[in-house]
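Spelled out from the first residue to the last, the chains are:
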Amino acid sequence: MTSASRSFLGAGISNIISSATYSAVVAGASNRIDTASQNIFIGAGDANIINGTGNARFIGAGISNRITDSQYSAIVAGSTNTITSSLQAIIGAGLTNIIQTSSTNSAIGTGTLNTITASSHVLIGCGVSNLIENSGRSLIGAGEGNIINGTSDISRSSMIGVGLTNRITSTTRAFIGAGLTNIIHTSSTNSAVVAGTLNGITSSTTSFIGAGTDNDILNANGAFMGSGTLNIINATSAASRFHAIVSGSSNRITEGSSSFIGAGTLNVMTSPTSSAIVAGNNNSLSGATNFIGAGINNYISTSWAAIVSGNGNYITSRGRSFIGAGINNNISAVTGSSTGDVAIVAGGSNTIFHCLSSFIGSGNSNIMQFSDLAGIVSGTGNDIYDGK
């Protein structure tokens, strides 16, 4: 004991108190208090060190733990844990955990190789190789290789519950519940990935992915993705917003706003507004206020049109048009023409081309061209041309 008034060495070997007052080393070997501060305590263990400035610091037990320049901080137990330059920080136990660089009021419960850097009021509960950096008021519950980081505290108030190699980067108030290699980054404020694998939200505020694999939301504010695989909502800017894909595989919404894919596979929306594909396979649409209910290979490229079901039906260049069901039915018009108010209710290979307020009820291979206020109720091979 050197220049250490009102201090106590209890038992053990090669323990040292240097210049500290009202301090104690109770037991152990090669423990050292090397500071001019006061109220410093090492309970037991081997080669634990408290040095630098700061009063009221505590190491309970363990091996080679160190507290430097961190007032009111504590390491309860463990091995090679370190607290540096961080006020009121605590490490409960574990191996080679680190709290450093002004991480005030921060804590690591236990685990191995967890690190908190330049992040105040944060917690890593347990796990392996988890990191919180420049991200105040954030939490990693457990898991391995999870990261919350950014620059200048930009990723504050974020949380990763558990999982493996999940990441929140450069965003605020983000949440990842569990899973593998999920990511939220680049100004995706108030966004969440609940679970799954390889899901990502980028530059998309208030967006949500529930679960699934390889789903992505890019530059799309207020977007929702329930689950599924390889689904994408994306845009070149955040003007694309309020889209939803509930489930399915390889579905995509690009640009536009306020549109919906319920389920299915390989359904695509391009620049849609207030449109929906409920289910099916390889259906596609573009334009405003369009609807595809279900089916396969159905296509709409106009506005205010609907295909309820079927296979290979399409509506192009003729708004306010309707196909109920069937196969290879089509409604089209000369490019740039106005709305149509036309319908094919059912059947196969029926065609309405450049007509107004006309309909085909059912049947096969019926054709109507350049005819207004006309109708074919049913049959096969019927043809109305120019109203005749």
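Residues numbered from 1 in each chain as written. Predicted model: local features only at pLDDT ≥ 70, side-chain atom pairs only at ≥ 80, totals over all residues. Heavy atoms only, no water.

K.L.:
Where do I start with the overall build of the chain in this structure?
P.N.:
Looking only at helices and strands, the chain has zero helices and 48 strands in total. If one aligns the C-alpha atoms of the chain with their principal axes, the spans along those axes are about 115 × 25 × 15 Å. Across the 388 residues in the chain, those meeting the buried criterion constitute 46%. Residue pairs in contact within the chain that sit at least 24 positions apart in sequence constitute 0% of those at least 6 positions apart. Between the mean site of the 13 positive side-chain charges and the mean site of the 13 negative ones, the chain shows a separation of 11 Å. (Helix = DSSP H or I, 4+ residues; strand = E, 2+ residues; numbered from the N terminus. Buried < 20%, exposed > 50% of the residue type's maximum accessible area, 1.4 Å probe, protein only. Contact = heavy atoms within 4.5 Å. Lys, Arg positive; Asp, Glu negative; His and termini not counted. Charge placed at Lys NZ, Arg CZ, Asp CG, Glu CD.)

K.L.:
Help me understand the pairing of strand β36 (residues 284-288) in this model?
P.N.:
Bridge count between strand β34 (residues 268-273) and β36: five bridges; the pairing is parallel. Across the sheet, M269 pairs through a bridge with L285, a residue of β36. With three bridges connecting them, β36 and strand β38 (residues 299-301) associate as parallel partners. The residue bridging L285 from the neighbouring strand is I300, located in β38. (Pairing = 2+ DSSP bridges.)

K.L.:
What exactly am I supposed to notice about the side chain of N267 here?
P.N.:
Relative to the helices and strands, N267 is located in the loop between β33 (260-261) and β34. A polar contact is formed between the side chain of N267 and the backbone oxygen of G280, at a distance of 3.0 Å. N267 has contacts with S250, N251, R252, I261, I277, A279, G280, N281, N282 and N283, leaving out every residue within four places of it along the chain. (Polar contact = N/O pair within 3.5 Å; in protein donor to acceptor, adjacent residues only side chain to side chain.)

K.L.:
Would you mind showing me how to read the pairing of β34 here?
P.N.:
Of the pairings in the sheet, the one linking strand β32 (residues 252-254) to β34 comprises three bridges and is parallel in character. Within β34, the residue paired with T254 across the bridge is T270.

K.L.:
Help me understand the nonpolar core, please; the structure alone is not making it clear to me.
P.N.:
Generally speaking, soluble globular proteins have nonpolar side chains that are buried together. With 56 residues, the main nonpolar core has I217, I233, I352 and M368 as its most contacted residues. Those elements that place two or more of their residues in this core are β5 (40-42) and β43 (342-344). Once residues within four sequence positions are removed from consideration, M368 is found in contact with T351, I352, F353, C355, S358, F359, I360, A374, G375, I376 and I384. (Core = buried A, V, L, I, M, F, W, Y, C linked by side-chain atoms within 4.5 Å.)

K.L.:
What is the right way to look at the environment of G43 in this model?
P.N.:
If you trace the backbone, G43 turns up in the loop between β5 and β6 (49-51). For G43 and S85, which are 42 residues apart along the polypeptide, the C-alpha to C-alpha distance reads 22 Å. The residues touching G43, leaving out its near neighbours within four places in the chain, are V26, A27, I59 and G60.

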